[in-house]
Every structure is written in C-alpha cells, then in structure tokens.
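Below, each chain spelled out in residue letters.
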Amino acid sequence: MNYDLSPRESAWRDEVRAFIAEHVDESLSRETREVGNEGRGPRARRFLDALRDRGWWGLSWPKEYGGLEKTAVEQWIFIDEIETAGAPMLPLTATSVAPTIMRIGSEDQKQEWLPSINQAEIDFALGYSEPEAGTDLASLRTRAELDGDEWIVSGQKMWNTMAHMATHNWIAVRTEPDAPKHKGISMMIVPMDAPGVSVQPIWVWPGLRTNALFLDNVRVPRSYLIGERGMGFYYAAMALNFERLSIGSIGMARRHFRALVNEVKTRVVDGRPLREDPWVRERLARLQVEIDAARMLGLETAVALDRGGVPAAESSMAKIHVSELTQRIADTGCEILGLNGQTHAQEPGALAEGRMQWLYRIAPMLAFGGGTNEVQRDIIGFMGYGLPRK
Ligand SMILES: Cc1cc2nc3c(=O)[nH]c(=O)nc-3n(C[C@H](O)[C@H](O)[C@H](O)COP(=O)(O)OP(=O)(O)OC[C@H]3O[C@@H](n4cnc5c(N)ncnc54)[C@H](O)[C@@H]3O)c2cc1C
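Residues numbered from 1 in each chain as written. Predicted model: local features only at pLDDT ≥ 70, side-chain atom pairs only at ≥ 80, totals over all residues. Heavy atoms only, no water.

A. Helix 3 (residues 42-53), seen in detail. Here helix 3 is 12 residues long and its end C-alpha atoms lie 16 Å apart, about the 16 Å a rise of 1.5 Å per residue gives. Looking at the packing, one finds that the buried side of helix 3 touches helix 1 (7-23), helix 2 (26-35) and helix 4 (72-85). (Helix = DSSP H or I, 4+ residues; strand = E, 2+ residues; numbered from the N terminus. Expected span 1.5 Å × (residues − 1). Contact = heavy atoms within 4.5 Å.)

B. Looking closely at the environment of Leu366. Here Leu366 lies in helix 12 (residues 355-366). Given the relative accessible area of 30%, Leu366 is considered partly exposed. Along the sequence, Leu366 and Thr326 sit 40 residues apart, while their C-alpha atoms lie 8.4 Å from each other. In contact with Leu366, other than residues within four places in its own chain, are Met252, Lys319, Ser323, Thr326 and Asn373. (Buried < 20%, exposed > 50% of the residue type's maximum accessible area, 1.4 Å probe, protein only.)

C. Highlighting the site of the ligand. The environment of the ligand is made up of Leu126, Tyr128, Ser129, Gly134, Thr135, Trp159, Thr161, Val204, Met365, Phe368, Thr372 and Glu374. Take Thr135: an N or O atom from its side chain is 2.6 Å from an oxygen atom of the ligand. For the ligand, an oxygen atom lies 2.8 Å from a polar atom in the side chain of Glu374. The protein chains hide 62% of the 970 Å² of surface that the ligand would expose on its own. Tallied by class, the residues present in the shell around the ligand amount to 6 nonpolar, 5 polar and 1 charged. Two domains each donate at least three residues to the shell around the ligand, and these are domain 2 (124-230) and domain 3 (243-384). (Near = heavy atom within 4 Å. Polar contact = N/O pair within 3.5 Å; in protein donor to acceptor, adjacent residues only side chain to side chain. Areas by Shrake-Rupley, 256 points an atom, 1.4 Å probe, with all protein chains shown as cover. Nonpolar A, V, L, I, M, F, W, Y, C, P; charged D, E, K, R; others polar. Domains from an automatic or database assignment.)

D. Summary view of the packing of aromatic side chains. A complete count under the given rule lists 8 aromatic pairs for this structure. Each ring, one from Trp12 and one from Phe78, has its centre 6.4 Å from the other, and the planes form 20 degrees; the classification is stacked. Here Trp12 is found in helix 1, whereas its partner Phe78 is found in helix 4, with 66 residues between them in sequence. Among the residues examined, Trp12 registers a relative accessible area of 3% and is labelled buried. Its end group placed over the ring of Trp12, Lys70 keeps NZ or CZ at 4.1 Å from the ring centre. (Phe/Tyr/Trp six-rings, centres within 6.5 Å; stacked < 30°, edge-to-face > 60°. Lys NZ or Arg CZ within 6 Å of the ring centre and 35° of its normal.)

E. Spotlight on the packing of helix 2 against helix 3. Contact geometry for helix 2 and helix 3: axes closest at 8 Å, N-to-C directions at 115 degrees. Taken as a pair, helix 2 and helix 3 cross one another with a handedness that is left-handed. Contacts between helix 2 and helix 3 pair Ser27, Leu28 and Glu31 from the former with Pro42, Arg43, Ala44 and Phe47 from the latter. (Axes fitted to C-alpha atoms, helices over the stretch in contact; angles between N-to-C directions. Left-handed = near helix turned anticlockwise from the far one by under 90°.)

Right, here's the structure in full:
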C-alpha cells in the first residue's frame, strides 16, 4: 500500500488547510474544550456556518443532493486536518443521518428533510440506546403504534446526547412487537417540540452532558417513519457505519500530543529541562510511532472503502488503537508534567493549558462511543480472521 497522497488528494488537503488557516485559531479550539457539549459556543457556530456556506456539509453526499461526492480518502483528509487544528467536526446530522435518509428514504422524505439539513435549519440527536439496550440494540423496548395517520410513541431512550440542543430526534422504535427482535424495529423522526417529549440531564464524569429522553404517547405523522417498516435495525447499523471514518481518526490525539511536546521543549522541572530527560524522550518517541501507525490504519480503511470493500476489521482496529492510544497520551502527559499537568486550564500554574487532564477525562469515552472496544475486538475476530461469531 502506498501511503503518499495523490496530486489531487494533496491539492484537496491544501485547500482544507487554507480554509483552516483563515477560520481557525487557538481560541476556537479552547472554546470547544471549555464549552464541551453543553452548547456550541459562538466561535464554533461561526465555523460550522462557514463550512456550510462553503458547501462542505455535503462533503460525502452524492451530487444529486447538492453534495461534493468526495472519496473516502478525501473525507479522511478533511477529518484529520479539522481535528488536528482543533476545530469542531461536522455534526452527525450531516454525516450520519442525512446519508442514511438519502439511501433509505422515499422521494417525499428526501424532499422533506434533506434541504433543511443542508441549510443547517434542523439538527438531530441520535436515540438508539435504552436503559436495557446498548450493545444489544435489538432488545430495545420503545414502541410505536399506528393510529390512523399518526404513530403514537412511548418509551425511554438513554444517553441521548444532543437532545437538549436538537430540533429533532432520530430514534429506533419497535413497530412490530410480534416479529423476531431484529426485524421488529423501525427508524423514526420525532420533533423535540412534540407534546409528550421530555429531556432529563445526565452529567458524566468528563463534565459532559448527555440525557435521558422520555416519550409519553407522542404523536408523529405516519410519514416520519423513514424507509421500510421493520428494517430499522439494519438502518441504524448503516447510520453507524457512516461514522466509521471519524471514529478512528487520530487528529485530536495528535493535536494534544504536539502541545505536550511543545511543553516538554521549554519546561524546566526541579532545575532540569524536561527535554533532557531520557525517560521523557523515550516515552514521546514511542507515542510518536503509535501516532504514525494510527495514521496508516486510518488511511488503509479509507482506501479499502474507495475500492468498494467493507473494511469492518480495519476500522475496528483503527478505533481500538486510537481510543487506547489517546488514553496512553493522557496518562503519559500527566506523568511527565506532574501535578501541575493534571490541573484545569484556569488553575494557577497549569501546564499545557490543562489539556492533559482534559484528555484524561475525555479519552475513556472513545473506548465505547461508536461501539465498545470489546465488541470491536470480536468484530476483528470474526470479520478479520473468520473466527466463530460470539
Ligand atoms: C457519554 C455517553 C454518550 C452517549 N451518547 C449516545 C447517543 O447520543 N446516542 C445513543 O444512542 N447512545 C449513546 N451512548 C450509548 C453508548 O453507545 C452505549 O453506552 C454503548 O453502546 C454501550 O452500551 P451500554 O452502556 O448499554 O453497555 P453494555 O452494552 O451493557 O455493555 C457493558 C459491557 O459489556 C460488554 N459487552 C456487551 N456485549 C458484549 C459482547 N457481545 N461481547 C463482548 N463484550 C460485550 C461491553 O463491551 C461493555 O464493556 C452514549 C453513552 C455515553 C456514556
């Protein structure tokens, strides 16, 4: 495999870098760390609007829907550059929900939803998980029953992360209670302002907000069931597949690793420059090798996608490697910088702008977001090596 970019890909990378140079500065990346997901800050909103105005919300979309139809490698370049710069990533509404609607929705549904997504007028929370259905999504219990021209939806979703900001929810519901559990699920859109929808905050330890979503006899139009009835389990898997390229991206980890290296270059601890310590140098060198390996895994996944393959094992490898490497970078950074490296950016004496403690708190989420690492290891076993499925 050739890891060099083609002239066309290099030109695209340069275009993305020029855009970043114009629109991103350190205050944007600081805002992203400070605001978390409680709300997009003003800088993030301006940046996402600029991406939309440039037509880059539809980076992966087919041309017939106003997209740019970029290859998987070009999308990977975009994600890598944006994350390395510390800018906010495109919302899953544009990169996961919209491409799924394009493939499964009726013409009327595409006309109803895609233009307003493209114009950033609506934004979705993703409602797959429930208290008793995470990895085993097919066990979900939220029900929708048809009553004339409306669905009546009742149940509870868990970890519904964007619910407090979204205009709509993209939820998996059971519509065929008597069908085998994988075949009784459908995908549905629920407006957040519909009567009977309520949201309760759940704060998780990195300081981020997620939510429980309660649906109490919520009425939605019949046409809000997207695609075919009973196919929702497979549609949810399709929507999650669209997240693959960004889940295994090394950009964010690389950015914080660079900040750590910069700190090491200048910091003096107990009268001795950190850069002269052999242990510190060795640890940084090891991490750099692992970061370069992550880049190759990401690129291999993108190339396989462009060749028409289904690189499930490769993308699982990238996801495990990047998520666990991010934890190692945070651990190493906290160890090298000592107690002042573990403090919040606003504490006096904080090193590396408090990035290492932030990364330390955020990194564990990468290990289960988009499917837990235990499950990814299972996928590598049966998709990569043909071992029996557990
Ligand atoms: C902060 C946060 C934000 C989230 N945001 C969203 C969101 O926006 N939308 C959404 O729908 N969900 C969201 N989730 C849910 C997330 O996707 C699930 O937590 C995840 O899928 C795991 O499900 P679970 O928590 O029910 O754990 P379980 O599925 O109960 O797993 C528990 C443990 O058992 C292991 N395990 C389970 N099954 C297997 C198996 N077959 N083989 C090997 N090991 C297994 C798992 O790896 C894990 O270690 C979020 C979760 C959190 C914590």
